[in-house]
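Listed below are the residues making up each chain.
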Amino acid sequence: MTRGPARVIVAAVFGLLALALQTTVLSRLPLPGGRPDLLLVVVVAAALTGGVPVGIGVGFSIGLAADLLSSHPAGVLALLFLLVGAATGHIESERERSVFWSMIVVAIASVSAGIGYALLSSVVSGGGSWQQEIAGLPMAVLYNSMLTPFVVPLTAAIERASRSTAMVRL
Amino acid sequence: MRRSRRRQRLALTLLLLACVSMVIVDDGGRLAGLHRAASSAFGPVERSFFAVSQPVGRFLRGLPDIEGDRRRITALTTENSTLRSQLRSVALSSAELAQLHAIGASADAAGYSVHAASVVDYGPSPGFEWTVRINVGSGDGVRTGMTVLAPEGLVGRVSQVASDTSLVVLAVDPGSSVGIRDRRSGELALATGDGLEPMRYVPLDPHSPPRAGDVVVTGPYGRSTYTAGVPVGTVSAVTSVGATSTPRVSVRPYVDFSRLDIVAVVLDRAPEPAKAGAAATVTR
């Protein structure tokens, strides 16, 4: 695995794009029952392609950025996405890369994140109600799984491209 | 291999500790400066995205309603001509109207100055909290705690202000409560948000429940920071649970919170609970 500033910059740019896409477009779609969570799918996709270190880094950074743009205390989503990234990164070693497989992983991550939201929102001020989190789970799983076939191959391509750029630079 | 495992575990532990300490430190709002800086930095990115997505989004959101829109246009045209003819008759008595203004009977309703704004985005954590970001900020005179309206009624309250955007916590946020007044009975109550479900109505006096169809407006209640007299919604259902217990009351808000677009921030009127009484209205 190559490391280098180039990879971090590429990851940051695409993280920002995902954040902007989530807040300006996806969060305002008038969909029944819930909203897709692109950030969660991106964290899972990054961890599936890059393993634990990438999962941890991307999960923490995207979560913290989303936290700072919200009214709830910073660290809540960072904590949640960090755990999702770390857990998903462990699965990467099995080297299974089919889209169907990643959709299942995203579905499991969405359920776990939903339960995590529910737990955290009962602890932290400014969060929602846990009943609502649980009620929104089925649709969130559906929407997030539908995003997966687009996000995972794109993330893998970016990862490959940034790796080769980093090689050239070094 | 084993060494990198250990380093990963160390990094995970450190980041977890960082998250937990951040939550603890920020739970009292002590990192507000950091939130503000992030909002200001993210503003340009967001606005360029919004510039592209807004027309598309408006078009897509309008599509299911095209037929309804056409009917609404016809209805509005009819209403418009009726109103115009009424206006002509009202204009005759404008002298009386001027007198009324002088007395200040309508000062409460007319005294606000507002700043129009567009909803730039919804909060990044779907469902976790109900917030929107609007494209006006401290540069436009917006301050924390100001009331935000839509043409239909109450939208929410400004919770964070950056230089050119602000974060608005919606009235339907499950953590938000609005002090309200039943316009028919004058009873005070509290309306608590429940996401896209109707708001829950908790009366101050459990022995005088509202009736379905009652109009509720913002009113003084404890430390309510909302501008008084703004329409909130109508009582949609009153369900008695038992003979002795208080009935469950839900309020359907006038504003469709899933399709917010143009809103207005009430600028003057900083929240002053002491001023909320009737006496203040008279002395003014």
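Cut-off values and rules
- Residues numbered from 1 in each chain as written.
- Chains lettered and ligands numbered in written order.
- Predicted model: local features only at pLDDT ≥ 70, side-chain atom pairs only at ≥ 80, totals over all residues.
- Helix = DSSP H or I, 4+ residues; strand = E, 2+ residues; numbered from the N terminus.
- Contact = placed C-beta atoms within 7 Å.
- Expected span 1.5 Å × (residues − 1).
- Bend = angle between axes of the 7 residues up to and from the residue.
- Buried ≥ 20, exposed ≤ 12 C-beta atoms within 10 Å, placed from the backbone.
- Axes fitted to C-alpha atoms, helices over the stretch in contact; angles between N-to-C directions.
- Parallel < 35°, antiparallel > 145°, perpendicular 65-115°, else oblique.
- Nonpolar A, V, L, I, M, F, W, Y, C, P; charged D, E, K, R; others polar.
- Pairing = 2+ DSSP bridges.
- Core = buried A, V, L, I, M, F, W, Y, C linked by C-beta atoms within 7 Å.

A. Examining the overall build of chain B more closely. Each helix and strand counted, chain B has 6 helices and 12 strands in total. For chain B, long-range pairs separated by at least 24 residues make up 58% of all intrachain contacts whose partners lie at least 6 apart in sequence.

B. Examining helix α2 (residues 38-68) of chain A more closely. Residues and elements named next belong to chain A. If you check α2, its first and last C-alpha atoms are just 17 Å apart, much less than what 31 residues at 1.5 Å a residue would give, namely 45 Å. Considering bend angle alone, the principal kink of α2 is centred on G51 and spans about 150°; proline P53 follows within four residues of it. Among the 31 residues that make up α2, 30 are buried, leaving the element largely enclosed by the rest of the structure.

C. Highlighting the packing of α2(A) against helix α3 (residues 76-91) of chain A. Residues and elements named next belong to chain A. Orientation of α2 relative to α3, taken along the N-to-C sense of each, is 180°, at an axis distance of 7 Å. Put simply, α2 runs roughly antiparallel to α3. Of the residues belonging to the contact of α2 with α3, the class tally is 22 nonpolar, 8 polar and 1 charged.

D. Main features of the environment of B:A150. All names here are of chain B. Structurally, A150 can be placed in strand β3 (residues 147-150). Given 20 C-beta atoms within 10 Å, A150 falls into the buried group. Spatially, the C-alpha atom of A150 lies 7.9 Å from that of L260, the residues being 110 residues apart in sequence. For A150, the residues in contact, after removing those within four places along its chain, are V155, V255, L260 and V263.

E. Spatial organisation of the pairing of strand β2 (residues 131-134) of chain B. All names here are of chain B. Where burial is concerned, the two faces of β2 agree: the one with T131 and R133 and the one with V132 and I134 are both buried. Of the strand pairs in this sheet, strand β1 (residues 114-122) and β2 are connected by 3 bridges, and their pairing is antiparallel. Its bridge partner lying in β2, V119 is registered against I134. The pairing of β2 with strand β5 (residues 166-170) spans 4 bridges and is antiparallel. Pairing of T131 across the sheet is with V169, part of β5.

F. Summary view of the nonpolar core. In terms of nonpolar packing, the biggest core is built from 56 residues, with A:V42, A:V43, A:V44 and A:L82 touching the most fellow members. Top contributing element to this core by residue count: α2(A), with 21 residues. Here A:L82 is in contact with A:I56, A:G59, A:F60, A:G63, B:L15, B:L16 and B:C19, once residues within four sequence places are set aside. By size, the runner-up hydrophobic cluster in this structure holds 42 residues, among which are B:L154, B:V172, B:Y226 and B:V265.

G. Geometry of the sheet that holds β3(B). Around the barrel, 6 strands lie side by side as β1-β2-β5-β4-β3-β12 (chain B); this closed barrel has antiparallel pairing. With direction set aside, neighbouring strand axes in the sheet form an average angle of 45°.

H. How the structure looks around the interface of chain B and chain A. Counting residues at the interface gives 44 residues for chain B, matched by 44 residues for chain A. Looking at the side of chain B that touches chain A, the elements with two or more residues in it are α1 (2-26), α2 (32-62), β1, β4 (153-161) and β5 of chain B. With 12 residues, α2(B) is the single largest residue contributor to the side of chain B that touches chain A.

I. Structural view of the sheet that holds strand β10 (residues 231-239) of chain B. Residues and elements named next belong to chain B. Read around the closed barrel, the 6 strands follow the order β6-β7-β8-β11-β10-β9; overall the barrel is antiparallel. Averaged over all pairs of adjacent strands, the angle between their axes in this sheet comes to 40°, without regard to strand direction. Two elements, strand β9 (residues 215-218) and β10, share 3 bridges in a ladder whose sense is antiparallel. Within β10, the residue paired with V215 across the bridge is T234.

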